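# Summary of structural features
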Amino acid sequence: MERHDPALHKAFRTACRHYLTTQQEHRFADKGMWAKLAFLALCCAACYLLSLTASAAMGFALWYFGFIFFAMLLVVNVLHDASHNAFCRTGAANAWLGRAISLPLGLDADSWQVRHVQFHHPYTNIQDYDPDIDENGVLCQTPFQRWKPFMRAQYLYWPLVAALTFPWYGWWMDWRDRLGNTPFTRHLPHPGARGVALFLLLKIGHFMLALGIPALALAGTRSWPAVLAVYLVSQMLVSGMFVSLLIGTHWAKGHFYPTPEDNVMPNSPYHHAFATTFDWRTRPRQIGYWLGGLNLHLTHHLFPDWSHRHFPALSAIIAEVAREHGLPYPLLSVRDLLRLQRQHLIRMGKNLK
């Protein structure tokens, strides 16, 4: 980064060093973050156990959704930081924590780390580099993707696509990554038989935890299709919540780039983050805490290896540095975010490129 924009890099580095020094802090999780992990894990476990003992069908569905909902909160609060080596102090500890946290949702933490950290972050909104905007034949997300007439309605059916994202990755893309069918396979840790064995163990663990045990425990009162339906609906609901907030942040900016010639980035890393990512406010502010700082997404892209507990302070630093260097730093509302996301989908759906 430094060689691309030394003045901006120096400004951020100086401000962050001053912040850590004056606060006598470090960039990793503290006792409060570990307490949040424990609280969310207990809520997740409690909902799971209550779902297994629920006598009414609606009770089972609601408690099971609670289990998946708190599992999603663990992903955004813990796995997200751990994938950037920002939770624990060692890479191995972060990797194993991420794998444990991802078990209830069934997402492969290693595949997520490669796609999200190694490709999405440095190449946000760049065609053929950012896997979050891969062409899928269902949505036209960028001016450089193929358009089909039915995509005029994509702003209407987009929530369904967001809802299907978790099941799609857990039951299809993770397998393709691990079995060598994507460009991300060679970047995965533990290649070969060891990696496949670990992958299968975690997938079997998810199947037993999320489907096998509930089906066996409720065999006398709930049919297998009923358990499967509750599983799928719960996964889809939390997927829609997560994906619309995460991907929508980049869509809202509306800046996309073609595949770069000679692998040369269109902007410096700092300017690229400002061009493709927003921070947005939550009301009340405590919602941002439970979203794992997901709303301060530009802050996360500029400081990905910092625990999200620092994001409010870092966003203030960003605002000050941006003002000094003439960079725009608007802080959106949730309404602004959703409006801009909708406008982008409508514009791409009309093939206005």
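Residues numbered from 1 in each chain as written. Predicted model: local features only at pLDDT ≥ 70, side-chain atom pairs only at ≥ 80, totals over all residues. Heavy atoms only, no water.

### Focus on the packing of aromatic side chains
Filter applied, for reference: Each aromatic pair joins two rings of Phe, Tyr and Trp (for Trp, the six-membered one) with centres within 6.5 Å, and gets the label stacked for planes under 30 degrees apart, edge-to-face for over 60, and tilted for any other angle. Numbering of helices and strands runs from the N terminus, with a helix taken as a DSSP run of H or I at least four residues long and a strand as a DSSP run of E at least two residues long. Residue burial is assigned from relative accessible area. The probe radius is 1.4 Å, only protein chains are included, and a residue is buried under 20% of its type maximum, exposed over 50%, and partly exposed in between. Two limits define a charge over a ring: the Lys NZ or Arg CZ must be within 6 Å of the ring centre, and within 35 degrees of the ring normal.
Throughout the structure, instances matching the rule amount to 21 aromatic pairs. Measuring from centroid to centroid gives 6.5 Å for F150 and Y157, while their planes differ by 35 degrees, and the two rings are tilted. Each ring, one from W175 and one from F199, has its centre 4.9 Å from the other, and the planes form 85 degrees; the classification is edge-to-face. Here the residue W175 occupies a position in helix α7 (residues 165-178), and F199 occupies one in helix α8 (residues 192-217), the gap between them amounting to 24 residues. Residue class for F199 comes out buried when judged on its relative accessible area of 2%. Linked through ring pairs, F12, Y19, Y270, F303 and W306 together constitute an aromatic cluster. Taking the ring centre of W96 as reference, the NZ or CZ of R99 above it sits at 4.5 Å. Stacked on the ring of F278, the Lys or Arg K253 has its end atom at 3.9 Å from the ring centre.

### As for the pattern of salt bridges
Let me state the cut-off plainly: A side-chain nitrogen of Lys or Arg and a carboxyl oxygen of Asp or Glu constitute a salt bridge if their distance falls within 4 Å.
Summed over the entire model, instances satisfying the criterion amount to seven salt bridges. D30 is paired through a salt bridge with R309; the nearest N and O atoms lie 3.2 Å apart. Of this pair, D30 sits in the loop between α1 (6-23) and α2 (31-53) while R309 sits in the loop between α12 (297-302) and α13 (311-324), and the two are 279 residues apart along the sequence. When the shortest N-O distance is used, the salt bridge between D174 and K203 registers 2.9 Å. Of the two residues, D174 sits in helix α7 while K203 sits in helix α8, which places them 29 residues apart along the sequence. For the residue pair D174 and K203, the accessibility class agrees, reading buried in each case. One network of salt bridges, in which partners are shared, links E25, D30 and R309.

### Quick look at α1
Rule in force here: In a helix, the anticipated span is given by 1.5 Å times the number of residues less one. Throughout, the arc means the angular range of directions from the helix axis out to the C-beta atoms. We call two residues in contact when some of their heavy atoms are within 4.5 Å.
In this model α1 runs 25 Å from its N-terminal to its C-terminal C-alpha over 18 residues, within 8% of the 26 Å that 1.5 Å per residue would give. Among the residues of α1, L8, H9, A11, F12, C16 and Y19 are the ones counted as buried. Down the axis of α1, the buried side of the element spans an arc of 165 degrees, and every buried residue falls inside it. Away from its buried face, by an angle of more than 90 degrees, α1 presents the exposed residues K10, H18 and T21. In this fold, the buried residues of α1 make contact with α10 (269-276), α12 and α13. Positive backbone phi, approximately 50 degrees, marks Q24, located one or two places after α1.

### Here's the deal with unusual backbone geometry
A cis geometry characterises the amide bond from R283 onward to P284, with omega recorded as 0 degrees. Note on placement: P284 falls in the loop between β1 (279-280) and α11 (286-290).

### Points about the packing of helix α3 (residues 57-83) against helix α9 (residues 224-253)
As a reminder of what qualifies: Axis definition: a line fitted to C-alpha atoms, limited for helices to the stretch in contact. Angles are taken between N-to-C directions and run from 0 to 180 degrees. Working definition: roughly parallel below 35 degrees, roughly antiparallel above 145 degrees, roughly perpendicular at 65 to 115 degrees, and oblique for all remaining angles. Note on convention: near helix rotated counterclockwise from far helix by under a right angle means a left-handed crossing. Clockwise means right-handed.
Packing of α3 against α9 brings their axes to within 9 Å, and their N-to-C directions diverge by 40 degrees. Here α9 runs oblique to α3, going by the angle between their axes. Seen from above, α3 lies across α9 with right-handed handedness. Of the residues in α9, those touching α3 at F60, A61, Y64, F65, I68, F69, M72 and V76 are V227, V230, Y231, S234, Q235, L237, V238, M241 and F242.

### A word on the UniProt feature "domain: Fatty acid desaturase" (unreviewed entry) in the protein
Threshold: UniProt positions are given in the numbering used here, feature names are shortened, and annotations may be inferred rather than shown by experiment.
Taking the UniProt record as the reference, the feature "domain: Fatty acid desaturase" (unreviewed entry) is found at residues 63-329. Between the end C-alpha atoms of residues 63-329 the distance is 41 Å, and the span holds 59% helix and 1% strand.

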